[in-house]
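One-letter residues, chain by chain:
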Amino acid sequence: MYKIILKLAFKNAFLRLARTILVIVMIAVSMSMMLSIQGLYDGMTFSMADKIKRSDCGDISLYSKNYRITRAIKDDISDATAIQKELLKNGDVDAVVLRLKAEGLSSTARKSAFSVIVGIDLNEEEKFGQFSRFLKQGEIRLGKRDVLLGSELAKKLKVKIGSKVIFSTQDSTGEINGISLRVRGIVETNNILLDKSALFVDKTRLQKFLGVSKEEATQIAIRTNSQTLLKQLQARYPHLDVKSFLELYPIIQQMQDLMFIFNSLSFLIVMLVVFIGIMGVMYVSILDRIREFGIMRSIGMGYSLIRSQIFLEAFFVGFVGYIIGAFLGFFALKYLQNYGLDLSEFADGLASFGYSSTLYATIKFSYFSSTFIAIMAASFLSVLLPLRKIKNMNTIEVTKANI
Amino acid sequence: MFFLALKNILFYKGRSITTFALTFFSTFSFIVYVAMMDGSHNSILHNALKVYVGAIEIYEKGYREIGGNEYLLYNVHKKEEILKNIEGVSSFTSRYETYGLLSSDEYSSAAMVVGINPTKEVQHSQLKNALILGEYLDGSANNCLYVGSDLAKRLHVKLDSKVSFIGSASDNSFAADIFKVCGMFKTGAYEFDSSSAFIDRGYFDTLMLSEDMASYIHVNVTDLSDVDLIQQKIQAALDDPKLEVLTWKTLMASMVEAMKVDSIFGYISISLFFVVIFFVIMIFSFINASSRLREFGTLRAIGLSSANINVLLFYEIFILSTLAIILAAPLGAYVAYYFNANPIIIEGMSETYKEYGIVSDELPLSFDLFTIAWNVGIVYLLNFLSILYPMRFINRFKPLEALKHV
């Protein structure tokens, strides 16, 4: 019996082919568009967070208690190297870098700008966040007088590779000191603060220039996948400010939350409208065949079997729509993941939001699973009203009716 | 035909209600969404304009691109005399900007130090209104420094603190002096507040040897929408190929671009809803048309042409769309108008998004009749497009076939 029901459902689902195709196209197009937008937006936030982690704070950063308020060299971590060694022994830690930062003025012969000089160890940075991938122009090398400039700062100072930049700041003794540097490369981290103001130089050279010892650093950044490491480090180093990525960049958390709310709302609205579309078609489809159902009931077929048939019809329509939509969406996402959406024309505008000029999408299994559940739910719910009509029908009247 | 369409609308209630509801929803949400998007963009741009950037600024060519003292404006007074006679120019003031190192007893910071005419500046920026501590520059040529609140924090200075300045004068000679902090301001623009300080030009010109010179002239216009026209007038009146007259669109090009990008994403997002709604309206129109095939066959049999049937379907969607739009558009327009006059306040928004140029917690909606008109136009267009397939479907049948159709 169930085999017949299945056959009937399948044939009836595609009986009015034009109508069914319209519903399938609606589901497929809206679903693939929704998946693409969702993946692209998630990808933008993910990429922003990833680049900030790689270029700056990692998953966890350690500062001295006052440093984030004063930003002064005197408030650095005096035993940073020892802490780094200790951290590297911790199994939960994937990578650690030490950075030394000082705020000051960078000037060329004609332009000046407020800047931050960042002392880094290129080898450590490469392991930590593949620093070389930030290179936009020139080469990644930090010789004695070399500097890697943030892309926006380079634009502001109107410098090119090989240009000379003077950086002036206050050293650890309080004296104003200057250092002459030559631009070796221009980097674009998509971290607005760094791109606008950072001059990356060799850490040892900066320690010497600022008059601090080799043990000192202003920031210790850590890459980890552990969820417990933060608490562990907060307990281990109570004299330090141990902060997670989201505590240091609360805006990313807000963006993620906003994106989640936006995606959920879009999802709900789209599914509601899809539900109305399927319901319209199923309702008319059942009304068209009401006499057929009356006859089926008259010859002894139970309501539950008719209900199963109608549910199966809705399932077939929804499922075919889902499959086509999932394929289209997957290919769109795969394309956006591999090649991205090139918006180089708006590169400056995107940079001011902290995005790169090519936007890449992410693909998550949850996009497809949640959409599957939603479309199936919309399909099943859409037949509840027509089913009520069948349940309450008078079989004799319906069979006689001239529809 | 019109009345027949009207009767059909009343008869086929299910389709009519769905089309009406979806059109109403899409019109209302489109108007409010675009008003919100445009409103937030306008607010960011206008706030940036109010804070410091001018509607028009006049530079020596090369100052913005190359920079340096060779590209300062000379004979500023003469240029200002010319500006006085240009229609559309409401006011102007010159500024002398330089970068230098400001130091307190223990702390130093790089900063942009600007020589301004305090009295004229009131009409050109929010500096005076942004005062939070002490007093604004009083116009007497003294060494009073008006410092951004975040810069003051960096330098750890209070009112009356002494701040030393090291920079280079207009002739590239070494310039150094000691200023006194007389006032502090907070515009909300983080970068500006953390790196800017202002001083009376009367005093600063002596230190920088910049009498009758300026980095640029800042011009206000009576009507911002005429800015391009006024720019051309100024360019013609100054008649100097070495000068460049730039409007805010160029001066804030990256911000304008950022707004464009944001709009593109906004339209991509809303297009999703439109696609789905378009399909649903089309499906309902199609179901309705296919269930009325016999009716259309009869109409064709009594002499109506297929063009008449198309007109009938067009009238039906036109009436339904118009009814929905008549209700939704004024409602959407009212929401836009209301929140234009009474902006939505999101506490803490400016603090959270300060790096993105947000300087206010207010989120006004834009109220623009032209925008509302094109929003409505798009909804109309989509509704009309949604009946093309049903029209084509009906016209595939000959009258007799349609009459026999089950």
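Residues numbered from 1 in each chain as written. Chains lettered and ligands numbered in written order. Predicted model: local features only at pLDDT ≥ 70, side-chain atom pairs only at ≥ 80, totals over all residues. Heavy atoms only, no water.

Draft legend 1. Main features of the overall build of chain B. Secondary structure assignment for chain B yields 16 helices and 12 strands. Computed over the C-alpha atoms, the radius of gyration of chain B is 31 Å, more than 25% above the 22 Å expected from 2.2 N^0.38 for a compact globule of 406 residues. When each of the 406 residues of chain B is scored for burial, the buried share is 54%. For chain B, long-range pairs separated by at least 24 residues make up 78% of all intrachain contacts whose partners lie at least 6 apart in sequence. Chain B carries 31 positive and 41 negative side-chain charges, and their two centres are separated by 16 Å. (Helix = DSSP H or I, 4+ residues; strand = E, 2+ residues; numbered from the N terminus. Rg over C-alpha atoms; globule rule 2.2 N^0.38 Å. Buried < 20%, exposed > 50% of the residue type's maximum accessible area, 1.4 Å probe, protein only. Contact = heavy atoms within 4.5 Å. Lys, Arg positive; Asp, Glu negative; His and termini not counted. Charge placed at Lys NZ, Arg CZ, Asp CG, Glu CD.)

Draft legend 2. Fine view of the overall build of chain A. Across its full length, chain A carries 17 helices and 12 strands. Taking 403 residues into account, the globule formula puts the C-alpha radius of gyration at 22 Å, and chain A, at 31 Å, lies well above it. Taking the principal axes of its C-alpha atoms as reference, chain A extends roughly 100 × 45 × 30 Å. Partitioning the intrachain contacts of chain A with sequence separation of at least 6 by distance along the chain shows that 79% fall at a separation of at least 24. Carbon and sulfur atoms make up 59% of the accessible area of chain A, which totals about 18,100 Å². Here chain A carries 50 positive and 35 negative side-chain charges, and the mean point of each set is 8 Å from the other. (Areas by Shrake-Rupley, 256 points an atom, 1.4 Å probe, with all protein chains shown as cover.)

Draft legend 3. Region of the structure containing the packing of helix α10 (residues 253–291) of chain B against helix α14 (residues 369–386) of chain B. Residue and element names in this part refer to chain B. In the contact formed by α10 and α14, the axes pass within 8 Å of each other and the chain directions differ by 40°. Crossing angle aside, the handedness with which α10 passes α14 is right-handed. In contact with Y267, F274, F278, I281, M282 and S285 of α10, α14 contributes W374, V379, L382, N383, L385 and S386. Among the residues making up the contact of α10 with α14, the classes are represented as nine nonpolar, three polar and no charged. (Axes fitted to C-alpha atoms, helices over the stretch in contact; angles between N-to-C directions. Left-handed = near helix turned anticlockwise from the far one by under 90°. Nonpolar A, V, L, I, M, F, W, Y, C, P; charged D, E, K, R; others polar.)

Draft legend 4. Inspection of helix α1 (residues 2–11) of chain B at higher detail. Residue and element names in this part refer to chain B. All buried positions along α1 are accounted for by A5, N8 and I9. Down the axis of α1, the sector holding all buried residues measures 100°, keeping them to one side. Those residues of α1 that are exposed and aimed more than 90 degrees away from the buried face are F3, K7, L10 and F11. Buried positions along α1 lie against α2 (13–51), α11 (293–301) and α12 (306–341). (Arc of directions from axis to C-beta.)

Draft legend 5. Examining the interface of chain B and chain A more closely. Contacts between the two partners involve 55 residues from chain B, matched on the other side by 60 residues from chain A. With both chains or domains summed, chain B and chain A bury close to 5,000 Å², and 72% of this area falls on carbon and sulfur atoms. With a closest N to O distance of 3.3 Å, E103 of chain A and R154 of chain B form a salt bridge. Counting the contacts that link chain B with chain A gives six residue pairs in polar contact (both at pLDDT 80 or more). Per-element tally for the side of chain B that touches chain A: the top contributor is α10 of chain B, with 24 residues. (Buried area = accessible area lost by both parts, 1.4 Å probe. Salt bridge = Lys/Arg side-chain N within 4 Å of Asp/Glu carboxyl O. Polar contact = N/O pair within 3.5 Å; in protein donor to acceptor, adjacent residues only side chain to side chain.)

Draft legend 6. Region of interest: the nonpolar core. Core analysis: the biggest nonpolar cluster contains 144 residues, and M26, I310 and I390 of chain A together with V219 and I234 of chain B have the highest contact counts within it. Per element, the largest residue contribution to this core is 21 residues, and it comes from α10 of chain B. The residues contacting M26 of chain A, other than those within four sequence positions of it, are V274, G277 and I278 of chain A together with F279, V280 and I283 of chain B. In this structure, Y63, V147, L155 and V163 of chain B belong to the second largest nonpolar core, which totals 45 residues. (Core = buried A, V, L, I, M, F, W, Y, C linked by side-chain atoms within 4.5 Å.)

Draft legend 7. Layout of the environment of I222 of chain A. Residue and element names in this part refer to chain A. Looking at the secondary structure, you find I222 in strand β9 (residues 219–224). Take I222: its relative accessible area is 0%, and that puts it in the buried class. Apart from the residues lying within four places of it in its own chain, the contact partners of I222 are C57, G58, D59, I60, L62, L87, V93, A95, V96, F128, L229 and L233.

Draft legend 8. Spatial organisation of the pairing of strand β6 (residues 164–170) of chain A. All names here are of chain A. Counting buried residues along β6, five of its seven residues qualify, which places the element largely inside the surrounding structure. Where strand β2 (residues 93–107) meets β6, four bridges bridge the pair, whose relative direction is antiparallel. Each residue of the ladder has a partner; that of S106, found in β6, is F167. In this sheet, strand β7 (residues 176–187) lies alongside β6 in antiparallel orientation, the contact comprising seven bridges. By the bridge assignment for β7, Q170 is matched with I176. The hairpin turn running from β6 into β7, its antiparallel successor, is five residues long, and G174 in that turn takes a positive phi close to 95°. (Pairing = 2+ DSSP bridges.)

Draft legend 9. View of the environment of I302 of chain B. Residue position: I302 of chain B is located in the loop between α11 and α12. Sequence spacing of I302 of chain B and P399 of chain B is 97 residues, and the spatial spacing of their C-alpha atoms is 9.5 Å.

Draft legend 10. Focus on unusual backbone geometry. All names here are of chain B. Phi is positive for N172, close to 70°, though the residue is something other than glycine. Following the sequence through the fold, N172 ends up in the loop between β6 (162–168) and β7 (174–185). Phi at L209 is positive, roughly 55°, even though this residue is not glycine. Along the chain, L209 turns up in the loop between α7 (201–208) and β9 (216–221).

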